[in-house]
Amino acid sequence: NAGVTQTPKFRVLKTGQSMTLLCAQDMNHEYMYWYRQDPGMGLRLIHYSVGEGTTAKGEVPDGYNVSRLKKQNFLLGLESAAPSQTSVYFCASSYPKDRGTEAFFGQGTRLTVV
Amino acid sequence: SQQGEEDPQALSIQEGENATMNCSYKTSINNLQWYRQNSGRGLVHLILIRSNEREKHSGRLRVTLDTSKKSSSLLITASRAADTASYFCATDAGGPSWSYGKLTFGQGTILTVHP
């Protein structure tokens, strides 16, 4: 009963390096999301996907790219990491329902950019 | 920008007491949700209340929603030390007929329950 799994759990990057965060869900959910959480703040939406092969920008998309080649996976890429991208990243998924439904979250990836 | 403001930012109580957290938001919504986050962990869904509902219960949780005031409250009754966590409200603004589940979160309330 894995739910939403994120890899890696921790990562330290140097400024300018690139990396990809992987999110996998086993609940056959259509919708997937990437959020970031900074100290003292709630989560902010980076990008989201409403189905395989589709992605869209959220509130804070700059500096990130995403891909959803398979329904169960949602990848978040940082092409050239910056210290401002130091954060905890959460992936979530949900299913289509009129007037919305709950989201299921992964355990997070703590990223430090030095 | 944050959709919601949560109040208080921090709350410290004794076991057995009730804890009340408030959330205000700015735009019309499809639903409002409350999540719990233990330190260093992911968010866990607690309860969802739709825009046409005024009150909802789940175990020791009671949520109210006042769409005219754009506000919600979460009441945890008979608190336990294990309830110590951060609590976030999240709004799903969606559109008039469908929601893609995009959530806008408040800053959260840190609840500490002392044994």
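Refer to the preceding data block for the structure.
What counts and how
- Residues numbered from 1 in each chain as written.
- Chains lettered and ligands numbered in written order.
- Predicted model: local features only at pLDDT ≥ 70, side-chain atom pairs only at ≥ 80, totals over all residues.
- Heavy atoms only, no water.
- Salt bridge = Lys/Arg side-chain N within 4 Å of Asp/Glu carboxyl O.
- Helix = DSSP H or I, 4+ residues; strand = E, 2+ residues; numbered from the N terminus.
- Buried < 20%, exposed > 50% of the residue type's maximum accessible area, 1.4 Å probe, protein only.
- Core = buried A, V, L, I, M, F, W, Y, C linked by side-chain atoms within 4.5 Å.
- Contact = heavy atoms within 4.5 Å.
- Polar contact = N/O pair within 3.5 Å; in protein donor to acceptor, adjacent residues only side chain to side chain.
- Buried area = accessible area lost by both parts, 1.4 Å probe.

### A few points about the pattern of salt bridges
Residue and element names in this part refer to chain A. Evaluation of the coordinates by the stated rule reveals 7 salt bridges over all chains. Here Glu30 makes a salt bridge to Lys71, at a shortest N to O gap of 2.9 Å. With Glu30 in the loop between strand S3 (19-25) and strand S4 (31-37) and Lys71 in the loop between strand S7 (64-67) and strand S8 (73-78), this residue pair connects regions lying 41 residues apart in the sequence. Overall, the relative accessible area of 28% leaves Glu30 in the partly exposed class.

### A look at the nonpolar core
Residue and element names in this part refer to chain B. By size, the foremost hydrophobic cluster in this structure holds 20 residues, and its most contacted members are Met21, Leu32, Trp34, Leu74, Ile76, Tyr87 and Leu111. For this core, the secondary-structure elements that each account for two or more residues are strand S3 (19-24), strand S4 (31-37), strand S5 (43-50), strand S7 (61-66), strand S8 (71-76), strand S9 (85-92) and strand S11 (109-114). Excluding its chain neighbours within four sequence positions, the residues that come into contact with Leu32 are Cys23, Tyr25, Ile47, Leu48, Ile49, Leu65, Ser72, Cys89, Ala90 and Thr91.

### Digging into the environment of A:Gln107
Note that A:Gln107 resides in the loop between strand S10 (104-105) and strand S11 (109-113). In this structure the C-alpha to C-alpha distance between A:Gln107 and A:Gly40, which are 67 residues apart in sequence, comes to 18 Å. In this view, A:Gln107 contacts A:Gln6, A:Phe90, B:Gly40, B:Arg41 and B:Gly42; residues no more than four positions away in its chain are not counted. Polar contacts involving the side chain of A:Gln107 include one to the side chain of B:Arg41, which spans 2.8 Å.

### Some thoughts on the interface of chain B and chain A
Contacts between the two partners involve 28 residues from chain B and, on the opposite side, 26 residues from chain A. With both chains or domains summed, chain B and chain A bury close to 2200 Å², and 50% of this area falls on carbon and sulfur atoms. Where chain B meets chain A, there are 0 salt bridges. Applying the counting rule to chain B against chain A returns 9 residue pairs in polar contact (both at pLDDT 80 or more). Contributions of two or more residues to the side of chain B that touches chain A are made by S4, S5, S9 and strand S10 (103-105) of chain B.

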